[in-house]
Structures are given as C-alpha cells and as structure tokens.
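Coordinates in review
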Amino acid sequence: MGGASSKSPGGFSGEFDGDGGGQLYVSLKIENLNIRDDLIPHVFGSIPIVGSWDSSRSLSMERESALTWELSFVVPPNHGTLVFKFLLKSKDMESPYVVEEGEDRLLTGGKLEGGARAAVFRLPGCCDEELLEYRVFVIADIVSPFDLAASWRAYKENLRPSTVRGVPDICINAAPEGGQENVSAASLELDLERYLVPSPTCSTDVYAANLTEAPRSLGHNSVFTKCDASGGSPKSSEVEFHTANHIASDKNIGNLLNPSKVSLISVMAKKGSDGMFSPLVKQGGQRAHSVDCGFGSPTVIKSATASGFLSDLKYSEAKAMPAAAGAVAAAAVADQMHGPKEDQCLAIVLVGLPARGKTFTAVKLTRYLRWLGHETKHFNVGKYRRLKHGVNQAAEFFRGDNPEGVEARNEVAAFAMDDMLSWMQEGGQVGIFDATNSTKQRRNMIMKMAEGKCKIIFLETICNDERIIERNIRLKIQQSPDYEEETDFEAGIRDFKERLANYEKVYEPVEEGSYVKMIDKVSGNGGQIQVNNISGYLPGRIVFFLVNTHLTPRPILLTRHGESQDNVRGRIGGDAILSEAGEVYSRKLANFINKRLKSEKTASIWTSTLQRTILTATPIVGFPKIQWRALEEINAGACDGMTYEEIKRNMPEEYESRQKDKLRYRYPRGESYLDVIQRLEPVIIELERQRAPVVVISHQAVLRALYAYFADRPLKEIPKIEVPLHTIIEIQMGVTGVQEKRYKLMD
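Residues numbered from 1 in each chain as written. Predicted model: local features only at pLDDT ≥ 70, side-chain atom pairs only at ≥ 80, totals over all residues. Heavy atoms only, no water.

A word on the packing of helix H5 (residues 381-389) against helix H6 (residues 403-425)
For clarity, the cut-off: Only the contacting stretch of a helix is used when fitting its axis, a line to C-alpha atoms as for every element, and angles between N-to-C directions run 0 to 180 degrees. The way it works is that DSSP assigns letters per residue, a run of H or I at least four long becomes a helix, a run of E at least two long becomes a strand, and they are numbered from the N terminus. When describing relative orientation, an angle under 35 degrees is termed roughly parallel and one over 145 degrees roughly antiparallel, while 65 to 115 degrees is termed roughly perpendicular and anything else oblique. Crossings are assigned a handedness: left-handed for a near helix turned anticlockwise from the far helix by less than a right angle, right-handed for a clockwise turn. For this analysis, residues touch if any pair of their heavy atoms sits within 4.5 Å. Three classes are used, and their members are as follows: Ala, Val, Leu, Ile, Met, Phe, Trp, Tyr, Cys and Pro are nonpolar, Asp, Glu, Lys and Arg are charged, and the others, Gly among them, are polar.
Packing of H5 against H6 leaves a shortest axis separation of 9 Å and a crossing angle of 120°. In terms of axis orientation, H5 runs oblique to H6. Crossing of H5 against H6: the hand is right-handed. When H5 is examined against H6, the residues Val381, Tyr384, Arg385, Lys388 and His389 are found in contact with a partner set consisting of Ala408, Glu411, Val412, Ala413, Phe415, Ala416 and Asp419. Its residues assigned to classes, the contact of H5 with H6 shows seven nonpolar, one polar and four charged.

Printed below as a string of structure tokens:
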C-alpha cells in the first residue's frame, strides 16, 4: 500500500500526500500485559468516529490475541482531524465505564499528534484505586479499492487476520441523524415487494445448454423432440462452481501469461497462505511454480530448471483505476482491448467428468468474452446429441465398451466441431466447445480437425468432493432435458450415476498441449489452477478471469446516484451535488439497504469518486464504502457541462455522429461506451471475486455497461438499456444463473 514513509517507535506509519485516490486506513491497537478478560476496550469520539462523544455508541475493539485488542476503519484521505479516546467497559455492561486519563487523541492528516502515548485507566476499587496501562499502536496508510475489498473479504471469510474490521462506516460528510425526509425512516419497514416494478427484460430461467449455438451440421434426418425445441420447458443447467478467494491484480496476471513461453504454472489459494511463491509439484518432468493469490503484489522465486522462466515479468502494486484522460488515452485504452486479435482463432475445449461444472464455466466465460467485445459462441455437444439421438439415452449409451455409442457420440462431437470451425471462418474469434472430451482419442480427433484452423486450449474441471458432486448430480436431474421425461427422481439419479461410472472407467486427465486445470475449486476451500503452455493476450485474459470467478450466491445491487442539480438542468457530466429530490432518495436508499441487507454484515458500498454518488451513499451506515475512479460517468470531454440541445446547436456534427452510433461514438477529448467497458473490467473481476453483497452507486452509462455484463446483453444494446433514476436493480447471482429484480423507490 502506497503512502507510508516511515515508522516511529510508537508504531505509527507516517505521513502521506493524500492525493493517491484511495482511502485512509487507520488501525488502532492496544496491548496490556496484565490480562483482564472482564474488561473490553472501546473507542469513542467526535464525528466521524462515533459522534457527540456518546459512550453508549462507542465502538468495541476486537481481540486480536491474548494480549492485544484492535479496531480498524477507513476514511477519505482528506478527513481533517479525528478526535477520540479509549474507554473500558465490563462484559456485563452493567458496571460504569472508565475513560482513559489525559487529553483527547488527535489524528490529523494521518499523523497522531503527541505520539502513541500509553492509555492509562484508573479503575475504582473497594479499597485502593487500580491503575491499568495499555500500550497503544497506531497505523495509518492509504488503501486502494482492490486492497480494501480484498482485506475486508478475507477477514470475513476467516482466511487470515484482517486489517479492516466490520465496524460502522466512517464518512466525513455523514448526514445528520433523522434527516429531513417528509416520510419517516420507518416507511420502508414493510414488505420490499411493494417497490417491485417489472423488469424490461425477461429473466426466466433457461437451460444453459439450450442457449448455446444452434446446430447447423445436422440435416433433416436428425431426430427432434419436444424437449429440444426452442419452446421447451425453461430450465437452467448451471452447476454450482465455487472458486477460491484469489487476490491478484489484472496487470499481474496479464504479465504472468504474456511471455512467449510458459512451461507450467500452478495458481493456488490456500488458507493461511504466507504470501510467498514456492515450488509446488512436478509434472511431465517440469517444475511447477506456485503463484500466491493473497494480498499485495506477487513475487517469483525461480528454480534452476526455469532459467528462462518469465524473464520479463514486471509487477506493481494494485492501484485505484485511473480516470479517463482525454481522447488519446481513451483511444489507447479501447484499442488495447478491441484492437489486438490473435493470429489464429481460439477454441476453449472443456474436459471433465459430468457434474463438474463444465457448462456453467462455459456459459460464464462466454458472457465475459462477449462483453469485452470478442466474437464468442458456446457449442454444447450435449445439445447436438439430443437433437440427433433424442433425450432418452440410457446409461448404456455412454459406456466406453459400447462401440455404437462411442461412434454416435464422436459423430455429434464432430458435427459440433465442424459448426464451430465454420463459424470461425465466418469471423468468429473464440469458440467454447462444451463436452466431457474425457479420452485422449476424442481430444486427438478435435486437435486434428482444428489443425491449421484454430488454436486449442483445453480447460479441465476436476472435483474430488463427493458432497459437491452429489449436489450437482441432483441439480442435473432436476434441470437437464436428458431427464425431463423421467418421472422417478431417484431412478434418474441412479441412471446418471451409472452414466458417470461409465465415463470414469475411461477417463484420461489432460496432459497434452496447452491446458488449464481447475482442481477442487468448487468446494470453496482453496483449490488450484494449473496452467501449461499458455501464451498470448487473449488466453491470458481468460486465465485471469477463471482465477477470480466463483458461484457463491449473493446479490449485487445497482443504482444511479440520487437526482443531481445537473440532472435538473439537463446538463451532462460535471460534479454537481444532489438536488432536494436526490437527497430524499439517498435517505430512502439507506433505509432500503438497511432493510434488504440487514443480515448481510459483510456487504460493501461502492461509489465513484464524484460527489453525487458519495453524497447518495452518505446516509448508509454499517458497511464499508469503497470509491472507484473506474465507476465515474462516461467522460463527455469537450461536451462536459453542456445540455444535449446545446451540443445539437453548437456541435451539430458531433451530435449527428453520436446519434448514428452511440456505442462507438467518442466525445471530443472524452470517452465512448467501449472505453467505459474497458475501464470497468477490473470492477467486473472484483465483483466476480466478491462473496458478499455489493451495492454499486454509480452513473447511467457505467451501470448500463455493468448491467449488460450480468444480463448478457449484446454490446450494441448497451446505450439503450433502461437505467432510470431512483431505481434499484438487484442482480441475484447463484447456482440457477442470474436473476433480476427492480425496485422503484421514488417516481
């Protein structure tokens, strides 16, 4: 974390310049060698710590060790002065509290005035007063949004000791308690369904495999059943696929996978990781390297067998996302994503036993690449099989010693592969080939068909957790068209397990070519990602995404800031404060969040760095707040502060160009929607990593782009997506896919 210059003997990490774009992290620790388990240290003070020196609302410190108590919080770096003191309360809370002796403690600009002096308490006793002394340690530093979110999440998941505690949010511009809203704060203490409004898009569950590319190679002799028709029963096939809690910056992974040669890398996340790289496994005579996905910047320890390994790696600290910096910078950012194309088309070939999360992984990866602007399609071989041979195939069909079944399955795989290659010749870039592909013979067939036409990367999903496998099997029986006509649920489970046993008998793990292995990621307890012989820009992007994705069910709430004064005047851009209606919405939003997320203590609030979003979030308490420059509104450049009528009158050519193509139109010295998508990619990755709810308070263009990612909307539709003011869009991410609700709090 940048900003700290030195440490004093008292434990204070020194001065900073305050303009790094992050937030000031403050950690207060006190240590007492004479253990008193009956007394709990607290902190109280003036706004923004607690407010009004109210001891009843003092913040309890948490025990970090047998001798040490700790309290951490974040504030904007320009917070001014924090005034506070320590006090002791008994566990039963019945005895009078005791405030430390001496003057108030002042923390100004990250510097503790007077040093970290000891905290002395005079305890009343029956005979003589007892003096109790605690050593005090204060650490202050600037924290980037990545580091703050990572630390918060790690603490809540008990992966390692945290630097950020779950205490009420500290905000310098906290709204007065009670507010001036005409409607009482209890107005939302009712069923939230009252505020539900229809979504502009259909959010019905559909079996994921049926959303894949429609087979073209199958002729009129194919067998079509009612279960495979487009009007069939809507279902969802996503199998729950948890990943470990990886913390790594976009740049780090990009640098890791871009060198021209990568031998074998294994990316691991373990409980209690010590943050260092270490040799991990040997495979194929090559020594693997463990890439820690914990906090801060990774480092590499090279082995003697890897003398040429990643020679041009450059790592840097995670930073807040830069704001748009004019047309030249914006063009460079957009072209970095949408310009570079691989020399060959890319085929991601799934490998793995049934019920291991292959289809879910394929669907999610397809959605991500499409959102980034890469022509991507998902080809599900199971869909081809059902269209060709029907849905009523018993487990015998999948036996490895059944030559007719093997031939039939290879035939439909060849059909799907041929369709994918034809699509690539028509301009497709990335094909996701979704099947078990569990034998070397099948994979050799695929590689032979692809020779000279596209690059192959195998993506193998491995799970050894019987509990997870059993759950996924039951989901499969409930959702897959293969068992739609099976009325006996237990009979379906028995048949599927027999099918699975047939695959297990002939299964051969991937050891050939370029591959990525996702090993025991679904359990949520760590796992590994192994990467072999991967190079190039786009493969690196894909691996980075896979490192961070998971399927822990949690809601993501998207909302625009409350109405601003520029909204009232019809002006775009700017950094205006809220209008009167916007202030009312901010309080209504706080009530809504407290009601909706009252049991979600690990939730967080994300805003842009523009004051209209920060002011909208101000009344929300009890959750950490993280500011992202990447969440700022589209940069209107030379048009900033103008109305659309003024642009039409004074810059008619610009106005017409924007009307013709809002997606690609770039404001003079500003941004386009494609530029916004590019700078939002780190936000998407961080949202994918989060396991707790997130509330994103941002701007119309930004939320359109984020919504398009979750809803899998085409890029060309992004500028037209409806994101009205004073409305909350709740995206529920879970094992059954992505669901949407909209709550309208104000007309």
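Moving on, there is more to tell.
Describing the pairing of strand E25 (residues 694-698)
For the record, the criterion: Think of it in three bands: with a 1.4 Å probe and only protein chains considered, a residue is buried below 20% of the maximum accessible area for its type, exposed above 50%, and partly exposed in between. Strand pairing follows a simple DSSP-based rule, namely that at least 2 bridges must link the two strands.
Where burial is concerned, most of E25 is hidden: five out of the five residues are buried. Of the two faces of E25, the one carrying Val694, Val696 and Ser698 and the one carrying Val695 and Ile697 are both buried. Pairing of strand E22 (residues 554-560) with E25 involves five bridges; the strand directions are parallel. Bridging from a neighbouring strand, Arg560 pairs with Ser698 of E25.

Structural notes on unusual backbone geometry
Its identity as a non-glycine residue notwithstanding, Asn533 has a phi of 55°, on the positive side. Looking at the element boundaries, Asn533 is found in the loop between strand E21 (528-532) and helix H10 (537-548). A residue is classified by how much of its surface remains accessible, and Asn533, at 41% relative accessible area, is partly exposed.

Re helix H17 (residues 700-711)
Cut-off, in case you're wondering: Expected span, for any helix, means 1.5 Å times one less than how many residues it has.
Between its first and last C-alpha atoms H17 spans 16 Å; for 12 residues at 1.5 Å apiece the expected length is 16 Å, and the two agree. H17 sits mainly inside the fold: 10 of its 12 residues count as buried. Immediately downstream of H17, the backbone of Asp712 shows phi near 55°, a positive value.

With respect to the pattern of salt bridges
To keep it simple, the criterion reads: Whenever a carboxyl oxygen of Asp or Glu lies within 4 Å of a side-chain nitrogen of Lys or Arg, that contact is scored as a salt bridge.
Summed over all chains, the structure comprises 26 salt bridges. Residues Arg385 and Asp482 are paired through a salt bridge, measuring 2.9 Å at the closest nitrogen-oxygen approach. Here Arg385 is found in helix H5, whereas its partner Asp482 is found in the loop between helix H8 (466-479) and helix H9 (489-506), with 97 residues between them in sequence. Notably, a salt bridge pairs Arg689 with Glu686, separated by 2.1 Å at the nearest N-O pair. Linking Arg689 with Glu686, this pair stays in helix H16 (residues 673-689), spanning three residues, or about one helical turn. In the salt-bridge network here, residues are joined through shared partners; they are Arg385, Arg386, Asp482 and Arg499.

Considerations on the packing of aromatic side chains
Stated precisely, the cut-off is as follows: When two rings of Phe, Tyr or Trp (its six-membered ring) have centres within 6.5 Å they constitute a pair, described as stacked for plane angles under 30 degrees, edge-to-face for angles over 60, and tilted for the intermediate range. To sit over a ring, a charge needs its Lys NZ or Arg CZ within 6 Å of the ring centre and within 35 degrees of the ring normal.
Tallied over the entire structure, the rule returns 12 aromatic pairs. An aromatic cluster is present here, built from Trp371, Tyr709 and Phe710 joined pairwise through their rings. In this structure, Arg367 packs its charged tip against the face of Tyr709, placed 4.7 Å from the ring centre. Directly above the aromatic system of Tyr515 lies the positively charged group of Lys517, at a separation of 5.3 Å from the ring centroid.

Quick look at the environment of Arg370
Note the cut-off: Any pair of N or O atoms that falls within 3.5 Å is considered a polar contact. Within protein, one atom must be able to donate a hydrogen and the other to accept it, and sequence-neighbouring residues count only if both atoms are side-chain atoms.
With respect to the secondary-structure elements, Arg370 resides in helix H4 (residues 358-371). A residue is classified by how much of its surface remains accessible, and Arg370, at 32% relative accessible area, is partly exposed. For the pair formed by Arg370 and Asp712, sequence separation is 342 residues and the distance between their alpha carbons is 8.0 Å. Ignoring any residue separated from it by four or fewer positions in sequence, one finds Arg370 in contact with Thr376, Lys377, Asp712 and Leu715. A polar atom in the side chain of Arg370 sits 3.0 Å from the backbone oxygen of Thr376.

Things to note about the packing of H16 against H17
Where H16 meets H17, the closest approach of the two axes is 9 Å, and the angle between their N-to-C directions is 60°. In terms of their interaxial angle, H16 and H17 are classed as oblique. Between H16 and H17 lies a crossing of right-handed hand. Together, Tyr673, Val676, Ile677, Arg679, Leu680, Val683, Ile684, Leu687 and Glu688 of H16 and Ala701, Val702, Arg704, Ala705, Leu706, Tyr709 and Phe710 of H17 make up the contact between the two elements. Looking at the contact of H16 with H17 residue by residue, the classes come out as 13 nonpolar, no polar and three charged.

Topic: the pairing of strand E23 (residues 604-607)
Rules: Note on handedness: a crossover is taken as right-handed if, strands pointing away from the viewer, the path from the first strand over the helix to the second is clockwise.
Burial of the side chains of E23 extends over both faces: Ser604 and Trp606 are buried on one face and Ile605 and Thr607 on the other. Sheet topology places E23 next to E25; four bridges connect them, and they run parallel. Considered in E25, the bridge of Ile605 is made with Val695. As paired strands, E23 and strand E24 (residues 625-627) are joined by three bridges and run parallel to one another. Residue pairing in the sheet places Trp606 in a bridge with Ile626 of E24. Considered for its hand, the β-α-β crossover made up of E23, helix H13 (residues 611-617) and E24 is right-handed.

Some remarks on the confidence of the model for the protein chain
Keep this limit in mind: Confidence scores labelled pLDDT are given residue by residue by the predictor and lie between 0 and 100.
In this model, the protein chain carries a mean pLDDT of 74, and residues with pLDDT of at least 70 account for 67%. Within the model, the stretch residues 1-21 combines pLDDT values under 50 with 47 contacts to residues more than four positions away or in other chains. In this model residues 155-190 is a low-confidence stretch, pLDDT under 50, and it forms 82 contacts with partners more than four residues away in sequence or in other chains.

Examining the side chain of Asp566
Within the element layout of this structure, Asp566 appears in helix H11 (residues 565-569). Apart from residues no more than four positions distant in its own chain, Asp566 is found in contact with Arg571, Gly573, Gly574, Asp575 and Ala576.

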